[in-house]
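Below, each chain spelled out in residue letters.
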Amino acid sequence: MRVLLFLLLLPAVALAQQPAAKRIRRHVRFLASDAMNGRGTGSPENARAARYIDNQFRRYGLNPLGTNGFRQPFVAKVRRVVVPDSLRPAENVIGFLDNGAPYTIVIGAHYDHLGMGRQGSSLDSLPQGKIHNGADDNASGVAGLLELARYYANNNVKEPYNLLFMAFGAEELGLQGSRYFLNNPTLPLANLNFMVCMDMIGRYNPDRGVGIGGYGTSDAWPTVFQGVTSPIKFFTDRAGNGGSDNAAFYAKQIPVLFFHTGGHPDYHKPTDDPDKINVDAEKHILDLEIALLNRAMQQPKMVFTAVK
Ligand SMILES: [Zn+2]
């Protein structure tokens, strides 16, 4: 009977913490619904997205590490197009999992998108007034951020590193949230081990696989990846200085990993919709991230390497 109970209970307990497709879908559907008007920087819906993430961080029991609770407000600037309201309120949402460790790993994803197509960088021929839902870019990454936060906050393991979960504002205006944090950090940057970035992880294509950038940003990454397998296909890329907020961390000589499922015809268009997100594949991507993070946490603090 004890053996039977053990067999019955253990998988349920272990699986309960793992990222789940149904929660990923729920987060993406909320953040990228038409009611959110594309989460443009400075819009009420962008603020609503920040509030949603704030509430989730609070629910998981993370400690606030912004300058105003979980929030770190800043002023973003629209530079690509000329608009009367070029200065817009923005904020990062920052939650800390304090394991009492000397060093901290950053896990980040931006939550802003192109709004109603009036802040530049839409690829639609007539973008003004159209809702740019940004399901893949980057509700998918935020869903990943929330699932990783939930996992690490509730797994009853005290990891040898602290974890800092950050949802960045104003990425689409040029990495402004991540740069603002790095210039106004709420913990010493010297204590950061490495940064994991998720931007567009919802369009898994089995022919391509999920790309993992930043492999060359520390000599420790090959050891971390050794023997790690996944039901989905993945490949590494040495470069760490492009694509998303990871570039801002790379510029500060912090090792990075950047997860990305690749470009598609809906990129930066009003058709980047929630029903096109492959939540089952995203779940496997997050499991892979957990496997890599757990192996990285068995290593000493990483040393940064510039990629030629
Ligand atoms: Zn993005």
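From a predicted model like this one, the values you see are computed outputs, not experimental measurements. (Residues numbered from 1 in each chain as written. Predicted model: local features only at pLDDT ≥ 70, side-chain atom pairs only at ≥ 80, totals over all residues.)

## Some words on the overall build of the protein chain
Right, on to step 1. Along the protein chain, the regular secondary structure elements total eight helices and nine strands.
Right, on to step 2. Radius of gyration (C-alpha) of the protein chain: 19 Å, near the 19 Å computed for a compact globule of 308 residues.
Right, on to step 3. Taken along its principal axes, the extent of the C-alpha atoms in the protein chain is 65 × 40 × 40 Å.
Right, on to step 4. In the protein chain, which comprises 308 residues, the share counted as buried stands at 49%.
Right, on to step 5. For the protein chain, contacts bridging at least 24 residues in sequence account for 81% of all contacts bridging at least 6. (Helix = DSSP H or I, 4+ residues; strand = E, 2+ residues; numbered from the N terminus. Rg over C-alpha atoms; globule rule 2.2 N^0.38 Å. Buried ≥ 20, exposed ≤ 12 C-beta atoms within 10 Å, placed from the backbone. Contact = placed C-beta atoms within 7 Å.)

## Some details on the packing of helix H2 (residues 21-31) against helix H4 (residues 135-154)
Right, on to step 1. Where H2 meets H4, the axes come as close as 9 Å, and the angle between the chain directions of the two elements is 135°. In terms of orientation, H2 lies oblique with respect to H4. Considering only the axes of H2 and H4, their crossing is right-handed. Of H4, the residues touching H2 (which contributes Arg-23, Ile-24, His-27, Val-28 and Leu-31) are Ala-135, Ala-139, Ser-140, Val-142, Ala-143, Leu-146 and Glu-147. (Axes fitted to C-alpha atoms, helices over the stretch in contact; angles between N-to-C directions. Parallel < 35°, antiparallel > 145°, perpendicular 65-115°, else oblique. Left-handed = near helix turned anticlockwise from the far one by under 90°.)

## Considering the nonpolar core
Right, on to step 1. Counting 75 residues, the largest nonpolar core has Val-142, Leu-145, Phe-165, Ala-167, Met-195 and Val-256 as its most contacted members.
Right, on to step 2. Per element, the largest residue contribution to this core is 10 residues, and it comes from H4.
Right, on to step 3. When residues no more than four places from it in sequence are discounted, the contact partners of Phe-165 are Phe-57, Leu-62, Gly-95, Ile-107, Leu-145 and Ala-149.
Right, on to step 4. Membership of the second largest hydrophobic core comes to five residues, among which are Ala-76, Val-78, Ala-90 and Ala-170. (Core = buried A, V, L, I, M, F, W, Y, C linked by C-beta atoms within 7 Å.)

## Quick look at H4
Right, on to step 1. Look at H4: 26 Å from first C-alpha to last across 20 residues, which is about the 28 Å you get at 1.5 Å a residue.
Right, on to step 2. Along H4, 18 of the 20 residues are buried, which leaves the element largely enclosed by surrounding structure. (Expected span 1.5 Å × (residues − 1).)

## A few points about unusual backbone geometry
Right, on to step 1. Looking along the chain, the bond that leaves Asp-137 and enters Asn-138 is cis, with omega of 5°.
Right, on to step 2. Its location among the elements puts Asn-138 in helix H4.
Right, on to step 3. Positive phi outside glycine occurs at Gln-253, with the angle close to 60°.
Right, on to step 4. Mapping Gln-253 onto the fold places it in the loop between helix H7 (246-251) and strand E9 (256-260).
Right, on to step 5. On the basis of neighbour count, Gln-253 is assigned to the exposed category, with 12 C-beta atoms found within 10 Å.

## Here's the deal with the packing of H4 against helix H8 (residues 279-296)
Right, on to step 1. Contact pair H4 / H8: the axes reach a minimum separation of 10 Å and the direction vectors enclose 50°. When the axes of H4 and H8 are compared, the pair comes out oblique. For the pair H4 and H8, the crossing hand works out as right-handed. Taken together, the residues of H8 that come into contact with H4 (itself represented by Ser-140, Gly-144, Glu-147, Leu-148 and Tyr-151) are Glu-282, Leu-286, Glu-289 and Ile-290.

## Focus on the confidence of the model for the protein chain
Right, on to step 1. Mean pLDDT over the protein chain stands at 95; residues scoring 70 or higher make up 95%.
Right, on to step 2. Considering only residues more than four positions removed or in separate chains, one finds that residues 11-15, a stretch of pLDDT under 50, has zero contacts. (pLDDT = per-residue confidence, 0-100.)

## Quick word on the environment of Asn-278
Right, on to step 1. Note that Asn-278 resides in the loop between E9 and H8.
Right, on to step 2. Spatially, the C-alpha atom of Asn-278 lies 16 Å from that of Leu-145, the residues being 133 residues apart in sequence.
Right, on to step 3. Leave out the neighbours within four places in its chain, and Asn-278 touches Gly-202, Arg-203 and Tyr-204.

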